[in-house]
Amino acid sequence: MDRSAAVLLLLLLLLPPPCAPDDRLVLDKPLTAGTTIVSGGGGFALGFFSPTTDSTPANNNNKLYLGIWYADDVPTRTVVWVANRDAPATNTTAPTLSLTNTANLVVSDGSGRVLWTTNVTGVVVPTTSSSPSPTAVLLDTGNLVVRHPNGSTLWQSFEHPADSFLPGMKLRVNYGTRAGDERRLVSWRTPDDPSPGSFAYAVDPDTALQIFLWNGTRPLMRDGPWTGYSVASKYQANASVFVYQAVVSTDEEIYLTYTLSDGAARTRFVVTAAGQYQLQSWSASSSAWTVLGSWPTWECNRYGHCGRYGYCDNTMAAPTCRCLDGFEPADSKEWTRGVFSQGCRRQEPLRCADGDGFLALPGMKSPDRFVLVANRTLDECRAACTGNCSCVAYAYANLSTTKKTGDVTRCLVWAGDLIDTEKQVGNVVAADTLYIRLSNLDAGVDRRKSNNALRIALPTVLTSSILIITVIFLAWFKFKGRMRGNNEDNNKISHGGTSISDDLAEGSSAQDFELPFVKFEDIEAATHNFSEAYKIGQGGFGKVYKIIQEKCC
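By the naming in an unreviewed UniProt entry, the protein chain is non-specific serine/threonine protein kinase, taken from Sorghum bicolor. Its UniProt record gives the protein chain a comment under Subcellular location (unreviewed entry), which states: "Membrane".

Written as structure tokens, this is what we have:
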């Protein structure tokens, strides 16, 4: 063996054993304060951090938390996951993160006191030195995963979120156990305190069909019940960045997830300490987080803001409260002042089988406090509500496009006050057609009983109507004056085969005209306060409604 080969062999023998990659934690290699684990692509880091402005090691009063934050592409440290939210350490206690031979992650202080653990149980891991050992790997999605030696996942941080909802994460509810508490997004207490705050965002475990933003136990905002949609392009950050949300239903569970388009900037949903659910995207040009969406968006969107039988009309430039068709403000003075808490009341009481019917209101977010009736077609759902005098509304959806097994119907019925309803903008996939029970409606065709139909063109504003009538009468008087000048002896003119007397004011009766006189109040009542359900078109002078005029004699 020549000298160079001998030197090379000696160097190889003196080299330390291969180190674990920087993206994982292994047995007997704990993570200490001041060191980090970085994901393979460099997108996320895992380590101990202090949320206070003074985070230098010399400040021994700082609380330390184990967390995950964006790494190299987001220079402003933004934490997306925290482990020991209820039990912070301090610099004086020298906290560590260790992986045990039972495949558990454990955060402990210098005295050995356990501050947090993954609580993985029932796992048998080989203990011989030659056997593979469990590992904890930080993925480039921001997910911290504990893996069995055989490669299977034993635990992952995505199943135990903090305040952030990252791409690929799932907010879910198990149909059988209704378990979902560990998959709630929970805000920080304050911007500088990662301990659990008052606000939470999660799938409703009672129905598994809608999502709430909570303030403690009080609902703050609610998404409408799931209508069966699977994927919806929700937001466009710029010309090349889209956020796609999806609802997936299986035999065991239902969950919400989302993905980003290729090349999208760092983007996350987060429940803020101020009680808002926000969609944030990192802007490299401004080196700051841009808020793409924030909910509740308007005061009108807050849970129950419009009171019972009121709804938030999102079709308006500044959404505000309105009463459902067939209802009027319970306190008109308060309603005019913008105080909607007392809601609305029926204009006519229900009479059950004697003349009650259902008015269809498309494009609505269905109210809360519904009862889900299983295995019903649309006709059966309608019949179930029609035959029950206490049923005040129903809504139906077919879930077969995304739910392939089990009950693919969704029949919702309401027996109490209708609370937290909204009118959606445009063709919203989460919108329902809400059928509300009203008196004096034909249940078969959802319109007022009638003998004669009369189409009435109603201008968008009363001023337009007055202007049009004024122009017509001015033109008529001018035309009549010209006729007098041409032939003073002619007392009558012919128009369309109908004689109109110039002497009408001297003795002719208004009954000579065939046009009926209709009061504005009657028109308002007949159209249910100009409901969209009675609208049949729109022209240059305004909206056109169809109403029914009953025979008076």
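We are not done yet, so read on.
Moving on: the packing of aromatic side chains. Per the stated rule, a full pass over the model turns up 23 aromatic pairs. Taken together, a centroid distance of 5.4 Å and an interplanar angle of 45 degrees make the contact between Y70 and W289 tilted. With Y70 in strand β5 (residues 63–70) and W289 in strand β25 (residues 288–295), the pair connects residues that are 219 residues apart, well separated along the chain. Relative to F327, the ring of Y309 has its centre 4.5 Å away and its plane inclined at 15 degrees; by these criteria the two rings are stacked. You can see Y309 sitting in the loop between β25 and β26 (310–313) and its partner F327 sitting in strand β28 (residues 327–329), a full 18 residues away along the chain. With a relative accessible area of 9%, Y309 lands in the buried category. Residue F327 is classed as buried on the basis of its relative accessible area of 5%. Aromatic rings pair up to connect F165, Y201, Y258, F269, Y277 and W295 into one cluster. In this structure, K170 packs its charged tip against the face of Y255, placed 4.5 Å from the ring centre.

Considering all chains together, one arrives at 18 salt bridges under this definition. Its salt-bridge partner being R302, residue E299 comes within 3.3 Å of it at the nearest N-O pair. The salt bridge involving D313 is made with R322; its shortest N-O contact spans 3.4 Å. For R322, a relative accessible area of 33% gives the class partly exposed. Ionic contacts of the salt-bridge type, sharing partners, join the residues E159, R172, R183 and E253 into one network.

Quick look at the sheet that holds strand β18 (residues 211–215) now. Pairing is antiparallel across the open sheet formed by 4 strands, whose spatial order is β16-β17-β18-β19. Either end of the sheet is taken by a strand with one partner, and the two such strands are β16 (185–190) and β19 (218–222). Across the sheet, the axes of successive neighbouring strands diverge by a mean angle of 35 degrees, strand direction being ignored. Sheet analysis places β18 next to β19, joined by 4 bridges and oriented antiparallel. Opposite L213, over in β19, you have M221 as the bridge partner.

Our next topic: the nonpolar core. Core analysis: the largest hydrophobic core is formed by 86 residues, its most contacted members being L97, L105 and I436. For this core, the leading source of residues is β5, giving 4 residues. With residues up to four places along the chain from it excluded, the contact list for L105 reads L25, L97, S98, L99, W116, T117, T118, A136, L144, V146 and W155. Listed in part, the 10 residues of the second largest apolar core include C385, C391, Y396 and C411.

Sheet faces and side chains relate simply in a regular strand, where the side chains alternate between the two faces. The two faces of strand β27 (residues 320–323) differ: C321 and C323 on one face are buried, but T320 and R322 on the other face are not. Strand direction decides the pairing type here: β26 and β27, joined by 4 bridges, are antiparallel. Among the inter-strand pairings, Y311 is bridged to a residue of β27, identified as R322.

This brings us to the sheet that holds strand β9 (residues 105–108). Pairing is antiparallel in the open sheet, where 4 strands are placed in the order β2-β8-β9-β10. In the strand order of this sheet, the two ends are held by β2 (31–32) and β10 (114–117), each with one partner. By the bridge criterion, 2 bridges tie β2 to strand β8 (residues 96–99) in an arrangement that is antiparallel. Bridge pairing links T32 to T96 in β8.

In the segment running from W295 into P296, the intervening peptide bond is cis, with an omega of 0 degrees. Even without glycine at this site, N119 takes up a positive phi of about 60 degrees.

Any region with low pLDDT has predicted coordinates that should not be read closely. Averaged over the protein chain, the pLDDT score is 79; the fraction of residues at 70 or greater is 70%. Across residues 54–60, where pLDDT falls below 50, the model places 11 contacts with residues more than four positions away in sequence or in other chains. In this model, residues 443–463 is a region of pLDDT below 50 whose contacts with residues beyond four sequence positions or in other chains number 53 contacts.

About the criteria used
- Residues numbered from 1 in each chain as written.
- Predicted model: local features only at pLDDT ≥ 70, side-chain atom pairs only at ≥ 80, totals over all residues.
- Heavy atoms only, no water.
- UniProt positions renumbered as here; feature names shortened; annotations may be inferred.
- Phe/Tyr/Trp six-rings, centres within 6.5 Å; stacked < 30°, edge-to-face > 60°.
- Helix = DSSP H or I, 4+ residues; strand = E, 2+ residues; numbered from the N terminus.
- Buried < 20%, exposed > 50% of the residue type's maximum accessible area, 1.4 Å probe, protein only.
- Lys NZ or Arg CZ within 6 Å of the ring centre and 35° of its normal.
- Salt bridge = Lys/Arg side-chain N within 4 Å of Asp/Glu carboxyl O.
- Pairing = 2+ DSSP bridges.
- Axes fitted to C-alpha atoms, helices over the stretch in contact; angles between N-to-C directions.
- Core = buried A, V, L, I, M, F, W, Y, C linked by side-chain atoms within 4.5 Å.
- Contact = heavy atoms within 4.5 Å.
- pLDDT = per-residue confidence, 0-100.

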